[in-house]
Amino acid sequence: MVEIGDWLRARQAEGTLRALVGLDHLGHGRVRLTGSAGPALLDFSSNDYLALSEHPALIAAASEALHRYGTGAGAARLMSGNFPVHQELEQAVAALKGQEAALLFGSGYGANVGIIAALMGRDDIIFTDRLNHASIYDGCRLAGAKLARFRHNDLDHLTELLASRRGKGGALIVVESVYSMDGDCAPLRELVRLKERYDCLLMVDEAHATGVFGAHGGGMIEEAGVAGGVDLAMGTFGKALGSYGAYVAASRQMIDFLVNRARSFVFSTALPPAVAAASLAAVRLIRQEPGLRQELHSRVALFKECLRQGGISADLGPSQIIPLQLGASAKAMAMAERLRTQGLFVPAVRPPTVPEGTARLRFSITRHLGEVDLAAAAAALCACCPR
Ligand SMILES: *Cc1c(COP(=O)(O)O)cnc(C)c1O
C-alpha cells in the first residue's frame, strides 16, 4: 500500500494534485467559483452539448415521474426495480441505434466495466484503441482477457495485431466513435470490415456522439451507416442527452445474455424513474428536433472560424470537442488560469487523463453558449494564445 501522506505531498509538489472546486451553476452555460465575487464564467467544460439538461420537456417529464413514483427505484431491475419507463426507454434507444434491443446501466462507467467483463475472459483477446476511456480499460482489466492496444485510430497497426494475435478464442474490438479528449472520430466503416474479416465482436462507445451526430441523433454509427455491423452500441445519457445513466443497444440475444451476466447491471439499483423519464424525453427530442443538432454544429463552426481568423493554425478537428495541445501540464494550467481572468472556464486536461507531454485545454461547445459568447471567447483566447 502507498503511504497516503507521502503520496499526497508528492502530487502537491509536482503540481498534479487534484481537488474539487466549488462551482455555482447559474444556468445558460454560466458558472461562478463558489465564494468568488468575480463575474460569471462561460462554461467550456460541460458535455451538455445540446443544452437539454435545462430543456422544459426533460424537466416536465422528470417532475411528472418524480411526483408519480417518488425519488428512487428502490431495488435492482431484476428485483422490484423494473418500471415501465425503463422498458420504454430501452425500446426508444434500440430504435435510435438501429438495434433489436437495449439495456440500461447506472452510468457509462458501470456499463463499460460490466459489458466487457461479461463477454470476455482469460482465453479471449481485446483489441483496444490506446486512447479509449478509463472505464473501457477497467472493463478489460476486470475481464482478465489478453489485451492488444493499437495506436490511436491506426488501422494498419490494428490489422497487424489482428493478424498476429487473433488466436482461437473470442475477440472484441472496442473503440470510441468520438474521442472524449481529442474530439476526433474512429474510422467505423473500416473497423466493421476488419471485425468481419477477423471474426470479432465490435463495441463502439458513443458517449460523445449520440444526439450530436446522425440524421436522427443516432450517433456516428448512424452517420456512417454501420448500425448493422456494430455488435454493441454503448453510450451515456449524461452528456448530449442532458440526463444521467447509460445504455447498450445490441441483438436481443446479446441483451438477454447481459441481463444475466453483466454484474454492474445485476447487482446495482435501477436508475430512478424520474431520471429514466428525462432520458426518454431526451431521446424523443433528439429524434424529432434535428434543429438542436444543426444549431450546435453551426456554433461549433463559428467558434472554429473565429479561432482560425484569430491566427490559430492547429487542427481543430471534426467535432464539438476542440483540444488545444500545449504540452507541459504547467503550461496548460497557466493558460486555463489566464482564461479564467478573461471570463472563460476551460479545463486543463493533464496526464494521466491524457498521455504524458500532451496536456491541453479542452473546449467543449454547448448550445448554452450563444454566437456572441463564442465570438468573444475566441477573441479572448486568440489574444493570449501562443501561435
Ligand atoms: C463519460 C464517458 C464514459 C462514462 O460515462 P458516465 O455515464 O459519465 O459514467 C464512458 N465512456 C466515455 C468515452 C466517456 O466519455
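All figures in this text were calculated on a predicted structure; none of them were measured in a lab. (Residues numbered from 1 in each chain as written. Predicted model: local features only at pLDDT ≥ 70, side-chain atom pairs only at ≥ 80, totals over all residues. Heavy atoms only, no water.)

Re the sheet that holds strand β8 (residues 201-205)
And step 1. The strand order across the open sheet built from 7 strands is β4-β10-β9-β8-β7-β5-β6, with neighbouring strands paired in mixed fashion. Taken across any chain shown, the strands that pair with only one partner, and hence form the sheet edges, are β4 (101-105) and β6 (146-150). Strand-to-strand twist across the sheet, computed as the mean angle between neighbouring axes with direction ignored, equals 20°.
And step 2. Sheet topology note: the strand β7 (residues 171-176)/β8 ladder contains 5 bridges and is parallel. The residue of β8 that forms the bridge with Glu-176 is Asp-205.
And step 3. Against the sheet, helix α7 (residues 188-197) makes contact with β7 and β8, and its axis sits at roughly 155° relative to β8, the strand it touches most. (Pairing = 2+ DSSP bridges. Helix = DSSP H or I, 4+ residues; strand = E, 2+ residues; numbered from the N terminus. Axes fitted to C-alpha atoms, helices over the stretch in contact; angles between N-to-C directions. Contact = heavy atoms within 4.5 Å.)

Points about the domain arrangement of the protein chain
And step 1. What the domain assignment reports for the protein chain is domain 1 (13-43 + 290-384) and domain 2 (56-288).
And step 2. One C-alpha centre belongs to domain 1, the other to domain 2, and the line joining them spans 27 Å.
And step 3. The interface is formed by 16 residues belonging to domain 1 together with 21 residues belonging to domain 2.
And step 4. Of the roughly 1300 Å² buried where domain 1 meets domain 2, counting both sides, 58% is carbon and sulfur surface.
And step 5. When the shortest N-O distance is used, the salt bridge between Asp-182 and Arg-360 registers 3.1 Å.
And step 6. For the pair domain 1 and domain 2, the number of links is 10 residue pairs in polar contact (both at pLDDT 80 or more). (Domains from an automatic or database assignment. Buried area = accessible area lost by both parts, 1.4 Å probe. Salt bridge = Lys/Arg side-chain N within 4 Å of Asp/Glu carboxyl O. Polar contact = N/O pair within 3.5 Å; in protein donor to acceptor, adjacent residues only side chain to side chain.)

Examining the nonpolar core
And step 1. Phe-44, Phe-127, Leu-188, Phe-303, Leu-361 and Phe-363 are the most contacted members of the largest nonpolar core, which has 97 residues in total.
And step 2. Both of domain 1 (13-43 + 290-384) and domain 2 (56-288) provide at least three residues apiece to this core.
And step 3. Beyond its immediate sequence surroundings of up to four residues, Phe-363 is in contact with Phe-44, Phe-303, Gln-320, Ile-321, Ile-322, Leu-324, Leu-339, Val-346 and Leu-381.
And step 4. Residues Ala-118, Leu-172, Ala-250 and Ile-255 belong to the second largest nonpolar core, which totals 28 residues. (Core = buried A, V, L, I, M, F, W, Y, C linked by side-chain atoms within 4.5 Å. Buried < 20%, exposed > 50% of the residue type's maximum accessible area, 1.4 Å probe, protein only.)

Digging into the site of the ligand
And step 1. Contacts to the ligand come from 13 residues, most closely from Gly-108, Tyr-109, Asp-205, His-208 and Lys-239.
And step 2. Contact between the ligand and Gly-108: an oxygen atom at 2.7 Å from a main-chain N or O atom of the residue.
And step 3. Sort the elements by how many residues they give to the shell around the ligand and helix α4 (residues 108-119) lands first, with 3 residues.
And step 4. For the shell around the ligand, the residue count by class is 2 nonpolar, 8 polar and 3 charged. (Near = heavy atom within 4 Å. Nonpolar A, V, L, I, M, F, W, Y, C, P; charged D, E, K, R; others polar.)

Focus: the sheet that holds strand β14 (residues 359-364)
And step 1. An order of β11-β14-β13 is seen for the 3 strands of this open sheet, with the pairing classed as antiparallel. The sheet is open, and its two borders are formed by β11 (321-327) and β13 (348-349), each paired with just one other strand.
And step 2. As defined by bridge partners, β11 adjoins β14 across 6 bridges and the pair is classed as antiparallel. When the bridges of β14 are listed, Pro-323 appears paired with Arg-362.

Some details on the pattern of salt bridges
And step 1. In total, this model carries 15 salt bridges according to the counting rule given.
And step 2. We note a salt bridge from Lys-97 to Glu-206, for which the minimum N-O separation is 2.8 Å. With Lys-97 in helix α3 (residues 84-97) and Glu-206 in the loop between β8 and α8 (220-224), the pair connects residues that are 109 residues apart, well separated along the chain. Grouping residues by exposure puts Lys-97 and Glu-206 together as buried.
And step 3. The shortest N-O distance in the salt bridge between Asp-154 and Arg-151 comes to 3.3 Å.
And step 4. Overall, Arg-151 belongs to the partly exposed group, its relative accessible area being 40%.
And step 5. Each of Glu-295, Arg-299 and Arg-367 takes part in a single network of salt bridges with overlapping partners.

Notes on the packing of aromatic side chains
And step 1. Tallied over the entire structure, the rule returns 6 aromatic pairs.
And step 2. The interplanar angle of 90° and the centroid separation of 5.3 Å between the aromatic rings of Tyr-69 and Phe-83 together place this pair among those described as edge-to-face. Here Tyr-69, found in helix α2 (residues 56-69), pairs with Phe-83, found in the loop between α2 and α3; they are 14 residues apart in sequence, far enough to count as distant.
And step 3. Accessibility expressed as a relative area gives 14% for Phe-83, which makes it buried.
And step 4. Aromatic side chains Phe-105 and Phe-265 sit 6.2 Å apart centroid to centroid with 70° between the ring planes, which places their arrangement in the edge-to-face category. Pair noted here: Phe-105 is in strand β4 and Phe-265 is in helix α10 (residues 263-266), with a separation of 160 residues, a long-range link.
And step 5. Residue Phe-105 is classed as buried on the basis of its relative accessible area of 2%.
And step 6. Linked through ring pairs, Phe-44, Phe-303 and Phe-363 together constitute an aromatic cluster. (Phe/Tyr/Trp six-rings, centres within 6.5 Å; stacked < 30°, edge-to-face > 60°.)

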